[in-house]
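Listed below are the residues making up each chain.
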Amino acid sequence: MRRQILVAYGSHQVATGAFASAGHTFLSAVPPALELAVDAFRKASEWRLAMSIAARIDTCDLASLAYEMADELLNAMGTTRNPVAAAELYIHYCHDVDEGVATLVQAREWGLALQAAQLHQRRDLIETEVEPLVLQAADDMETDIGGRFATYKKHWVRLTTLREQIRLFRLHGIDGKTNDGNGLDDGASSAASAFSNMSMSSVGSHNSNRDIRFGTSLSFETSSHSATTSPFYAAMSSTEPTSSSKAKKMPRRFRRTKIQEGSADEDAYVETSLRAAMPNAEFLADLRQLLTMLVYFGHTPRAQTIQGQLDAFLHHIQTHVPPAPVHGESTEVAWARPDNATWMVVSRLL
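On a predicted model such as this, the values are computed, not experimentally measured, just so you know.

> Can you explain the overall build of the protein? Please cite residues and give values.
Broken down by element type, the protein carries 16 helices and zero strands. Restricting to contacts in the protein with at least 6 residues of sequence separation, those with at least 24 account for 61%. Split by element, the accessible area of the protein, about 18500 Å² in all, is 53% carbon and sulfur.

Structure, rendered in structure tokens:
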């Protein structure tokens, strides 16, 4: 009777999502409900305990169970996804070193992949799986850093332009707020477009960039009706010739998201894109592991090239930090250059 109660309670725990607790409940029964415990711990992603209990079941095919659990761990979402655990199942329970090493390589766990191949004396896997994909990852890393660098430059110019405009508007009596406080009013928004169009000559080679080329003389004419009381806008309007040309088409990203150019929404969008391009701790940890593998395989010059590329990017950020916010206080932590010891592998002296 006691066993039946425990099994029933464990089933209730499974139904409510308390999988690990259910597994312990099933184990507490006398005799323990091993199959139910395996299933519960499997659902809880406690694969080691599930496999240990399964080993006590004479009729259980451990290799088949390990393949199934590895597949579940690889296809899981979010933090439940665990390619390292899947690789361990392949190697230790399925005796499938090829699949285990391939899984680790795909997860960019270069060191673990190298270790697994060496422990099982699979030099062929090092030559065909690990080293070639390390070199491919190096190509991808160079492309990634280059893309981040270009994105940062573009969005820094745009964000700096936006925020300088807002400061000028406020200096001349326009606070840049709508009734709900979320963006520019109609006059300020139109003036922002006009000012941006006139200020393109100050951004050098970025003049052709669609992200900073918005607004026309027509939009400025509209803004003059809302800002005629300001000598700043009066002076600007006197220098802008009358034009009957049509307004330039809004950039695609704004047509898609309906963000008004020059608004607080665009400011937030550009800042988010800018900060997303900046290397974070996870990126630097991945880079360090890749650089270590390049040096291990004798590709030190390649590692130096990538290091130099990122070093130049970090120096650029250091000299072009994100501009101070104009729409309230920033919630972002002030940027500080990462310590070279956290990512750099090759000495500058080499």
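Now that the structure has been shown, we can carry on.
> Before we move on, could you go through the pattern of salt bridges and cite the residues and values that matter?
Under the criterion given, the structure shown has 16 salt bridges. For Glu127, the salt bridge identified is with Arg123, shortest N-O distance 3.4 Å. Here Glu127 and its partner Arg123 are both found in helix α9 (residues 123-171), four residues apart, which amounts to about one turn of the helix. In this structure Glu127 comes out as partly exposed when scored by relative accessible area, which is 46%.

> Could you give an account of the nonpolar core, with specific residues and numbers?
One finds Val101, Val134, Leu294, Ile306 and Leu310 to be the most contacted residues of the largest nonpolar core, which totals 44 residues. Looking at this core, the elements with two or more residues in it are α6 (83-92), α7 (97-106), α8 (110-119), α9, α14 (264-276), α15 (281-296) and α16 (300-319). Top element by residues in this core is α9. It accounts for 12 residues. Ignoring sequence-local partners within four residues, the contact set of Leu310 consists of Ile145, Pro279, Phe283, Leu284, Leu287 and Trp343. Formed by 26 residues, the second largest nonpolar core is a distinct cluster that contains Val7, Ala37, Leu65 and Ala70.

> So what's going on with the packing of aromatic side chains? Residues and values would help.
Inspection of the entire model under this criterion finds four aromatic pairs. Centroid distance Tyr67 to Tyr90: 5.8 Å. Interplanar angle 55°. Geometry classified as tilted. Of this pair, Tyr67 sits in helix α5 (residues 62-75) while Tyr90 sits in helix α6, and the two are 23 residues apart along the sequence. Classification of Tyr67 by relative accessible area gives partly exposed; the value is 35%. Ring centres of Tyr152 and Phe313 lie 6.1 Å apart, and the angle between their planes is 70°; this geometry places the pair in the edge-to-face category. Here the residue Tyr152 occupies a position in helix α9, and Phe313 occupies one in helix α16, the gap between them amounting to 161 residues.

> Would you mind going over the side chain of Asp96 in detail, with residue names and values included?
Assignment of secondary structure puts Asp96 in the loop between α6 and α7. Within the buried core, Asp96 has no salt-bridge partner, and the shortest N-O distance to an opposite charge, that of Arg122, equals 6.9 Å. Among the polar contacts made by the side chain of Asp96, one reaches the main-chain amide nitrogen of Glu99 at a distance of 3.1 Å. Aside from chain neighbours lying at most four places away, what touches Asp96 is Tyr67, Tyr90 and Ile91.

> Please give an account of helix α2 (residues 19-28) that cites residues and values.
Listed as buried for α2 are Ala22, Gly23, Thr25 and Phe26. In a view along the axis of α2, the buried residues occupy a sector of 160°, so they form one face of it. Where α2 is buried, its residues touch α1 (2-15) and α3 (34-43).

> Could you give an account of the packing of α15 against α16, with specific residues and numbers?
At their nearest, the axes of α15 and α16 sit 8 Å apart, and the two run at 155° to each other. With respect to α16, the axis of α15 lies roughly antiparallel. α16 is crossed by α15, and the crossing has left-handed handedness. Contacts between α15 and α16 pair Phe283, Leu284, Leu287, Leu291, Leu294 and Val295 from the former with Thr300, Arg302, Ala303, Ile306, Gln307 and Leu310 from the latter.

> Report on the packing of α5 against α6, specifying residues and quantitative values.
One can describe the packing of α5 onto α6 by two numbers: an axis separation of 8 Å at closest approach and a directional angle of 165°. By the angle between their directions, the pair α5 and α6 is classed as roughly antiparallel. The crossing of α5 and α6 is left-handed. Note on element contacts: α6 touches α5 through Pro83, Ala85, Ala86, Leu89 and Tyr90, opposite Ala66, Tyr67, Met69, Ala70, Asp71, Leu73 and Leu74. Of the residues assigned to the contact of α5 with α6, the class counts are 11 nonpolar, no polar and one charged.

So, how was this worked out
- Residues numbered from 1 in each chain as written.
- Predicted model: local features only at pLDDT ≥ 70, side-chain atom pairs only at ≥ 80, totals over all residues.
- Heavy atoms only, no water.
- Helix = DSSP H or I, 4+ residues; strand = E, 2+ residues; numbered from the N terminus.
- Contact = heavy atoms within 4.5 Å.
- Areas by Shrake-Rupley, 256 points an atom, 1.4 Å probe, with all protein chains shown as cover.
- Salt bridge = Lys/Arg side-chain N within 4 Å of Asp/Glu carboxyl O.
- Buried < 20%, exposed > 50% of the residue type's maximum accessible area, 1.4 Å probe, protein only.
- Core = buried A, V, L, I, M, F, W, Y, C linked by side-chain atoms within 4.5 Å.
- Phe/Tyr/Trp six-rings, centres within 6.5 Å; stacked < 30°, edge-to-face > 60°.
- Lys, Arg positive; Asp, Glu negative; His and termini not counted.
- Polar contact = N/O pair within 3.5 Å; in protein donor to acceptor, adjacent residues only side chain to side chain.
- Arc of directions from axis to C-beta.
- Axes fitted to C-alpha atoms, helices over the stretch in contact; angles between N-to-C directions.
- Parallel < 35°, antiparallel > 145°, perpendicular 65-115°, else oblique.
- Left-handed = near helix turned anticlockwise from the far one by under 90°.
- Nonpolar A, V, L, I, M, F, W, Y, C, P; charged D, E, K, R; others polar.

From the geometry alone we can't say anything about function, so treat these as descriptive.
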